[in-house]
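In case you want the letters, here they are:
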Amino acid sequence: MTNQMNQINNLTSDLQKNKRIAIIGGGPGGLTLALILQRHGIDSVIYERGFVESIANQGGTLDLHKDSGQLALKEAGLLEAFHKIARYEGEDLLLVDKYGTVYRKEVDDTGREGERPEIDREALCELLLNALDPQRIRFGYKFIEGIPQEDGKHELHFENGHVDTVDLVIGADGAFSKLRPLLTDASVEYSGLSMVELNIEDAVNQHPDLLSFNGRGSMIALSDNKGILAQLNGNGQIRVYLSFRADRDWVDTNGIPIDKPQVAKQEFLKLYDDWDEMLKNYIRYAGDRIVTRRIYMLPIGLTWKSRKGITLLGDAAHLMSPFMGEGVNLAMLDASVLALSLVQHDDFEEAIRSYEQRMYEYSSPLAEMSDDSLKRFFDDNGALQVSNWFKQMEQEQPEEG
Ligand SMILES: Cc1cc2nc3c(=O)[nH]c(=O)nc-3n(C[C@H](O)[C@H](O)[C@H](O)COP(=O)(O)OP(=O)(O)OC[C@H]3O[C@@H](n4cnc5c(N)ncnc54)[C@H](O)[C@@H]3O)c2cc1C
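Conventions and cut-offs
- Residues numbered from 1 in each chain as written.
- Predicted model: local features only at pLDDT ≥ 70, side-chain atom pairs only at ≥ 80, totals over all residues.
- Heavy atoms only, no water.
- Helix = DSSP H or I, 4+ residues; strand = E, 2+ residues; numbered from the N terminus.
- Rg over C-alpha atoms; globule rule 2.2 N^0.38 Å.
- Buried < 20%, exposed > 50% of the residue type's maximum accessible area, 1.4 Å probe, protein only.
- Contact = heavy atoms within 4.5 Å.
- Areas by Shrake-Rupley, 256 points an atom, 1.4 Å probe, with all protein chains shown as cover.
- Lys, Arg positive; Asp, Glu negative; His and termini not counted.
- Charge placed at Lys NZ, Arg CZ, Asp CG, Glu CD.
- Axes fitted to C-alpha atoms, helices over the stretch in contact; angles between N-to-C directions.
- Parallel < 35°, antiparallel > 145°, perpendicular 65-115°, else oblique.
- Left-handed = near helix turned anticlockwise from the far one by under 90°.
- Nonpolar A, V, L, I, M, F, W, Y, C, P; charged D, E, K, R; others polar.
- Arc of directions from axis to C-beta.
- Near = heavy atom within 4 Å.
- Polar contact = N/O pair within 3.5 Å; in protein donor to acceptor, adjacent residues only side chain to side chain.
- Phe/Tyr/Trp six-rings, centres within 6.5 Å; stacked < 30°, edge-to-face > 60°.
- Domains from an automatic or database assignment.
- Buried area = accessible area lost by both parts, 1.4 Å probe.
- Salt bridge = Lys/Arg side-chain N within 4 Å of Asp/Glu carboxyl O.
- Core = buried A, V, L, I, M, F, W, Y, C linked by side-chain atoms within 4.5 Å.

### Thoughts on the overall build of the protein
For step 1, the next point in the chain: Secondary structure assignment for the protein yields 15 helices and 17 strands.
For step 2, the next point in the chain: Its C-alpha atoms give the protein a radius of gyration of 22 Å, near enough to 21 Å, the size a compact globule of 401 residues would have.
For step 3, the next point in the chain: Here the protein holds 401 residues, and the buried ones make up 51% of them.
For step 4, the next point in the chain: The contacts of the protein with a sequence gap of at least 6 include a subset with a gap of at least 24, amounting to 73%.
For step 5, the next point in the chain: Taken as a whole, the protein presents about 19000 Å² of accessible surface, with 47% of it coming from carbon and sulfur.
For step 6, the next point in the chain: Seen as two clouds, the 42 positive and the 65 negative side-chain charges of the protein have centres 2 Å apart.

Put into structure tokens, the structure is as follows:
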């Protein structure tokens, strides 16, 4: 009887291995998922709308947390490689108000490896891509529509005319997921916050005064419901986010000509007129590339009725404001939990249900915290609010040892 059961189980697993899995989106979440599946001998294909260069060029630095992003890298077999390129000094933090008054300064010169080292998004995607069998990712495939079939399969349509029918499709296609509407009517909402992204190229060599103020990690200046958020990237540039509470259409109606960077920068300086001169240097020193962004979020605690042959991960499942630095970590954790669930369950439906339950449990509280964090940052005295929050967290979580 046991032999017979084993035979049936083996047969089921073999069938499972022959099933087709498509992942829409080759961001950190989709790449991590494909990689962990690859390690377990499960075939999948990523359809990514961009090209390899566009994936690499999505800049910014990300801190990978030990219990989520790093855990997923371990499952992908890349933790050691990550440790070699991670920037532990990138965890340094300077928190000031508009006068430059310091509310918090964290500098670790001990050489100790902290729990949240930084990596540029470009370097992270490169690390994941280099380990992935190139057959498992197709670039230049923009997904436009998924049509559910009676047997739980999905027919996937792409802008270039390609059609594929798969047993399981996973939406890892970010904030504006085209797959999400097949599972829920919920859509992203504007968070009330808009950003202007600036870059200071080669800050390390060209602007030593600002570099010495900024330090090796992040600088956060908060006052009057506004912020200047800056991060030193691994390539020596400082990425800057001017952040404001603003109406949804502010980025379109503010009249600031971002295609004329010198004029636009003068206008941005006016928005920070009474801020410290060193803080205004983050605008003065910026290059010509200016990008405006609205910050969106999905309803906190979003769930959906589990359906055969389809699920979501990362921003597609739980887009949240970026002020807890959880987005990429959760996308990678989702990828790991989903991949292992697919490995452990013979039945896709069960695997998806189990993954979704766990994902809701760990992501909802973090979405709530990220929303609270946005409110704390963009307060009359955001620097004080954030500093108090750090102190509160420290009291609640006494250091180990
Ligand atoms: C300004 C800003 C700062 C941030 N800072 C941090 C931070 O410090 N720390 C942090 O953890 N997170 C941060 N985040 C959030 C983080 O970037 C995201 O949470 C994370 O990238 C989500 O990963 P993902 O794989 O789910 O989606 P994404 O990274 O968005 O990847 C989605 C992929 O899907 C592709 N795609 C989209 N639509 C289609 C389609 N129709 N067909 C095919 N492919 C498609 C895209 O090209 C992309 O490659 C920040 C976000 C913003 C906006």
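### Topic: the packing of helix 10 (residues 261-271) against helix 11 (residues 277-284)
For step 1, the next point in the chain: In contact at an axis separation of 9 Å, helix 10 and helix 11 are set at 155 degrees when each is read in the N-to-C sense. One element, helix 10, and the other, helix 11, form an angle in the roughly antiparallel class. Seen from above, helix 10 lies across helix 11 with right-handed handedness. Across the interface between the two elements, K265, F268 and L269 from helix 10 touch K280, I283 and R284 from helix 11.
For step 2, the next point in the chain: Tallied by class, the residues present in the contact of helix 10 with helix 11 amount to three nonpolar, no polar and three charged.

### A word on helix 10
For step 1, the next point in the chain: Along helix 10, the residues that are buried comprise P261, A264, K265, F268 and L269. Taken end-on, helix 10 shows its buried residues confined to a sector of 145 degrees, consistent with a single buried face.
For step 2, the next point in the chain: Of the surrounding secondary structure, the elements contacted by the buried residues of helix 10 are strand 12 (189-200), strand 15 (238-245) and helix 11.

### Side note on the site of the ligand
For step 1, the next point in the chain: Looking at the ligand, there are 30 residues lining it, with G29, E48, R121, F143 and D315 nearest.
For step 2, the next point in the chain: At 2.9 Å from an oxygen atom of the ligand is found a main-chain nitrogen or oxygen belonging to G29.
For step 3, the next point in the chain: For the ligand, whose accessible area on its own is 1000 Å², the fraction buried by protein is 86%.
For step 4, the next point in the chain: When residues of the shell around the ligand are assigned to their parent elements, the largest contribution, four residues, is made by helix 13 (residues 327-344).
For step 5, the next point in the chain: Here the residues of the shell around the ligand are counted per class, giving 12 nonpolar, 10 polar and eight charged.

### What to know about the environment of D151
For step 1, the next point in the chain: Relative to the helices and strands, D151 resides in the loop between strand 8 (143-148) and strand 9 (154-158).
For step 2, the next point in the chain: You can call D151 partly exposed: its relative accessible area is 43%.
For step 3, the next point in the chain: For the pair D151 and K66, spaced 85 residues apart in sequence, the C-alpha separation works out to 40 Å.
For step 4, the next point in the chain: Among the polar contacts listed, one links the side chain of D151 to the backbone nitrogen of K153, at a separation of 3.1 Å.

### As for the packing of aromatic side chains
Any pair of aromatic rings gets described here by the distance separating the centres and the angle formed by the planes.
For step 1, the next point in the chain: Within the structure shown, the criterion is met by 15 aromatic pairs.
For step 2, the next point in the chain: With centroids separated by 5.8 Å and ring planes inclined at 45 degrees, the aromatic side chains of F244 and Y272 adopt a geometry described as tilted. Here F244, found in strand 15, pairs with Y272, found in the loop between helix 10 and helix 11; they are 28 residues apart in sequence, far enough to count as distant.
For step 3, the next point in the chain: Note on Y272: relative accessible area 0%, which makes it buried.

### Notes on the domain arrangement of the protein
For step 1, the next point in the chain: Partitioning the protein into structural domains gives domain 1 (2-89 + 117-188 + 298-378) and domain 2 (189-296).
For step 2, the next point in the chain: Each partner contributes to the roughly 1700 Å² buried at the junction of domain 1 and domain 2, and carbon and sulfur atoms together form 62% of this total.
For step 3, the next point in the chain: In terms of surface lost to domain 2, no three residues of domain 1 exceed E89, F377 and F378, which account for 36% of the buried area on that side.
For step 4, the next point in the chain: Where domain 1 packs against domain 2, one counts zero salt bridges.
For step 5, the next point in the chain: Our count for the contact surface shared by domain 1 and domain 2 stands at four residue pairs in polar contact (both at pLDDT 80 or more).
For step 6, the next point in the chain: Counted by class, the side of domain 1 that touches domain 2 contains 10 nonpolar, five polar and four charged residues.

### Focus on the nonpolar core
For soluble globular proteins, nonpolar side chains are generally found buried alongside one another.
For step 1, the next point in the chain: Counting residues in each nonpolar core, the largest one holds 105 residues, and the members touching the most others are M219, I228, L242 and Y282.
For step 2, the next point in the chain: Top contributing element to this core by residue count: helix 13, with 10 residues.
For step 3, the next point in the chain: Two domains each put at least three residues into this core: domain 1 (2-89 + 117-188 + 298-378) and domain 2 (189-296).
For step 4, the next point in the chain: Discounting chain neighbours no more than four positions away, the residues touching M219 are L94, V96, F213, N214, I228, L229, A230, L279 and Y282.
For step 5, the next point in the chain: Residues L229, I295, F378 and V386 belong to the second largest nonpolar core, which totals 15 residues.

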